[in-house]
Every structure is written in C-alpha cells, then in structure tokens.
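Report on the structure
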Amino acid sequence: MHGLSMDRSRTVLAVALLLAGLALATPSRAAMPTLAPQVQAYVAHAQPLLAITHVRVIDGHGTGARENQTVLLRDGRIAAVGRHVDVPKDATVIDGSGQTLMPGLVGMHDHMFYPAPRVNPASKELLAPEQASSFPKLYLAGGVTTIRTTGSVEPYTDLALKKAIDAGLIPGPKMHTTGPYLEGKGSLMPQMHELVDADDARNTVNYWMDEGATSFKAYMHITRAELSAAIAAAHARGIKVTGHLCSIGFTEAADLGIDNLEHGLFVDTEFSAGKQPDVCPDTKAASAHLATLKVDGSEIRQLIRHLVAKQVAVTSTLPVFETFVPGRAPLDARVLDAMLPQAREEYLKTREHVAAMKDSPWPKLFQLEMAFEHAFVKAGGTLLAGLDPTGYGGVIAGYGDQREVELLVEAGFAPVQAIQIATLNGARFMGVDKEIGSIDVGKTADLVLVKGNPADNIKDIENVVLVFKDGLGYDPAKLVEAANGTVGLR
C-alpha cells in the first residue's frame, strides 16, 4: 500500500511539474491566474471586478489606519482606494464593516520544513522534513502572500513547489527560493552539504543560481573565505546573501559584504571572550555572556552603527526564540490542531521541560533582542520579519508570522509600524515593492481582510476572513482544514 501511495505521489508531482513548465513558458499571463480545479475549491471570490466597502485600511506605509474606505480590485490589481470611490454596477461587493484590509504579509524567514518527531527521544540527530503539502496552505491561510524560504534542506522540492504554485496547480504564497544552506564543517543536520573550501562555496552558489535560486543563506560553521566567495559569486549576478552565523561575527560579515543577518543578537558571537576566527564558540557560554549586555552599551551601539552604515538588514524571528523562554509562548489551539499527533506530543513534553528550567538566560536574551531591534530601526536600520518554523516545534507557518507581528508591537513598535516591517520592508528588500507590500493603486491585489482593528489591538491580525493573492480571494478556513493534523509529517 505504501509503495502504491508513493508511486501515485510521484505521478501527481510529475504531471504538476510538466503543467507548471508549460505555464511558465507562456510569454504572458493575466494578472488573475488560471487555477486548477483542486485549487479553485479553496477560492471564495474569483470575480475580475470586486469592491470592498466600508473597510478600514492599513496601507503598509506605517501611517495611521484610514476609516470607511472602498478598495476596488480589477483584474487582480488595486484599481482605486478612497472614501469616495465609484463602484461599477457589475462589481461584486464585499461589506467590510468592522473589518480591516492590510497588505499580504511578506515572510522573510519562512522555511518549507519543520522539525520531525524523534523516533528515539535520546537521539541528537536533527531532521527537518519538507512540509510541501501543509505549509503552503497554512502560510496563505495566515495572510502570508509572499515568502522567502531563507535556507532550504530540499531545494529541488522548493523550486518545484514554486513552479506548481505559480502555475495554479496548488495553493500557496508567492515563493522566493533560497538555495541550500551554505554550511561549513560541523553541520548539525545530515540534510546539509558541508562546504570544503571557497571554490566549493563559489561553485555551489553558481550551480543553484542556474537552477533558479534567488537568494542564499550562509550557516553556522561557514568560514570567512567561503562566505566571501559565496557573496562575490551571488553579487556578480545581482543576488543577495543572508546568514545565520556563529563562526563569523556580525561585524565581520558586514565587512565581507553580506546583505542581511538572521535572528539578530541571539546568534551573534562576536562578543564572546576568546572568540577564534572561523570557529563557532560554545553557544551556551556565548548566550550567557550576551545576556549580561545592555542595548545602550558601547558594544551593541557600535554594532548597530556599523550595520546601518553598511546597509545590512536584520531579520527578526522572535516567535521561535520565544519558545525557549520558560513559560512565555502562548499555547495556541490553532497551532496544536495543525500538528501531527506525535509532533504535538513531543512539542508539549519539551515545552514542559523548558518551563521548568531554572536560571535560564533566555528571559534576558529575549528582552535584549526586542530592545536591539527597536534601537536598530530607530538608528535607521532595515528590519524584516519572519517566523523560522524550527526549534523544538510549535512555530507553525502562517500562525507564527502573525505572532511575529504581535511581538514586534511588544518590542515597542506601533502596530502600523510592525505591519510595515512585515510587509513593505520585505518587498523593498527583495526589489518587488512596485508590485506588492502596500495598498496602492496599480499594485497587485495581495491583501488580507481581518475582523477587528489591528491598529488598536494587534492580536486582531489573527482573525483572517479572506486572503487575496493576485486578486483571488482564498477562504482561510478551507485551507486550514486541509492542512490540520499533518504538520510534522508533510
């Protein structure tokens, strides 16, 4: 039975990829894509002319919400926005009273994988299977209309998913696919290739750019020579490099020309006593020392100045680190419902273990990171937003992206600023802000309609009513129903 299932899956994927290739070869396509019947089942509104009336608008520019607006969508684009908009007689009208329209979220650290339940709880081996079925649906259901995968353990699968989504064969967000991790010797995961030297880094980057990767992520044990070679190769073709680093400090990476740094201070080891070049120090000792620093101290102030001067963006991934703070992360029924039963059981057990930890550095680290991100933006830095669905689990596609925005507000940003960080900032960084990231006439209609007012209560961002991608209105409840109970498996 298992063999038949696998053969069937391979046949379906092969057909999907063939159709995707044909679709991508078409010289031009309408702004509103043609969807396969299995995707149409998730769509509540496919009308080419649609008006959302009496709706509150948060436009993504960081300015105040505008009340009682009408937003007209025509052929997948935003045709008009304002208090006095002429609604054509043949338009389908959605009454947005009591609701808020926002840009679709742009997730900048949104993997397609998730930690697997361990068959042997004592094992230290880390595996992260691809969630090729559940995560595209959950990202879209959570209002995430564009993602950057920011490191891949199955780059060919990610590229295939992107093609299938673009061709309308499966539901999901627009994908900017990052190549495989650029990791040095000492990887924690057998799914990662370990670079041999700078030539290997250069060749790896060039190969995956030819395959379709649009960004790269350096990882914990990469050397300066390997990172420098990777950056040079990527930049030669106009592609950016980010990093979750350990062997290289943030200041060194900025000097090498990196474009983006993931996670913030949590992973910056440059303040560790006795830090050796190209060597990842003991991470527990590094975290303990980092917890003693202050955001207004000379070391961190100098780092912020340097990153701003070098125009290096920082990606906030507060949800995954919140799970390490004893007793802090909310227990969200939506998250538990999404999980495979074995994944849920393991997550809850580990959560109890974390809650019982004494003298943990994580409460201080978490507060320091939030203060750092706020100070970084105040100094002129570019902050991006993501969730990072890794750790020991519990950080789920879509729901984690919403939690990230909520935590940015807790970090001191006004709700509309937090929404800008999670929408327009990401679009600008990837160079697609002329198409997405804000509610402006002429842009693609990638939008989220939520019940309530996130400008007053940011938690209302969770109350997703409709998600528009290319002007098509997806039903989040149907997407969630199809994905529930499978995260951790597929």
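Scoring rules and cut-offs
- Residues numbered from 1 in each chain as written.
- Predicted model: local features only at pLDDT ≥ 70, side-chain atom pairs only at ≥ 80, totals over all residues.
- Heavy atoms only, no water.
- pLDDT = per-residue confidence, 0-100.
- Contact = heavy atoms within 4.5 Å.
- Salt bridge = Lys/Arg side-chain N within 4 Å of Asp/Glu carboxyl O.
- Helix = DSSP H or I, 4+ residues; strand = E, 2+ residues; numbered from the N terminus.
- Buried < 20%, exposed > 50% of the residue type's maximum accessible area, 1.4 Å probe, protein only.
- Pairing = 2+ DSSP bridges.
- Axes fitted to C-alpha atoms, helices over the stretch in contact; angles between N-to-C directions.
- Core = buried A, V, L, I, M, F, W, Y, C linked by side-chain atoms within 4.5 Å.

What about the confidence of the model for the protein?
Looking at the protein, pLDDT values average 93 and 92% of them are 70 or higher. Counting contacts from residues 1-30, a segment whose pLDDT is below 50, to residues more than four positions away or on other chains yields twelve contacts.

Let's talk about the pattern of salt bridges
In the structure shown here, the tally under the stated rule is 20 salt bridges. Among the salt bridges present, the one from Arg224 reaches Asp278, with a minimum N-O distance of 2.9 Å. Of this pair, Arg224 sits in helix 6 (residues 224-235) while Asp278 sits in the loop between strand 12 (260-262) and helix 8 (283-290), placing them 54 residues apart in sequence. The class of Arg224 is partly exposed, set by a relative accessible area of 33%. Asp278 sits in the partly exposed class, given a relative accessible area of 26%. Taking the shortest distance from any N to any O, the salt bridge between Arg334 and Glu462 comes out at 3.7 Å. In this pair, Arg334 sits in helix 11 (residues 333-338) while Glu462 sits in the loop between strand 15 (447-451) and strand 16 (464-469), placing the two residues 128 residues apart along the sequence. Here the salt bridges do not stand alone but share partners, grouping Glu322, Arg328, Arg403, Glu406 and Glu410 into one network.

Some details on the sheet that holds strand 14 (residues 383-385)
Reading across from one edge, 12-13-14 is the order of the three strands in this open sheet, with parallel pairing throughout. Looking at which strands have only one partner, the edges of the open sheet turn out to be strand 12 and strand 14. Averaged over all pairs of adjacent strands, the angle between strand axes in this sheet comes to 30°, irrespective of strand direction. Bridging between strand 12 and strand 13 (residues 313-316) involves three bridges; their strand directions are parallel. Across the sheet, residue Glu262 finds its bridge partner in strand 13, namely Thr315.

Focus: the nonpolar core
Residues Leu138, Phe216, Leu227, Ile258, Leu307, Ile396 and Tyr474 are the most contacted members of the largest nonpolar core, which totals 107 residues. Top contributing element to this core by residue count: helix 13 (residues 362-378), with seven residues. Residues contacting Ile396, with those up to four places away along its chain left out, are Tyr114, Leu138, Val335, Ala338, Met339, Leu387 and Val487. Counting residues in hydrophobic clusters, the runner-up holds 15 residues, among them Leu50, Ile52, Leu73 and Leu466.

Observations concerning the sheet that holds strand 8 (residues 144-148)
If you trace the three strands from one edge of the open sheet to the other, you get 7-8-9, paired in parallel fashion. Only two strands of the sheet have a single neighbouring strand rather than two, namely strand 7 (105-107) and strand 9 (174-176). Put simply, the sheet's adjacent strands are angled 15° from each other on average, direction ignored. The pairing of strand 8 with strand 9 spans three bridges and is parallel. Within the sheet, the bridge partner assigned to Thr146 lies in strand 9 and is Lys174.

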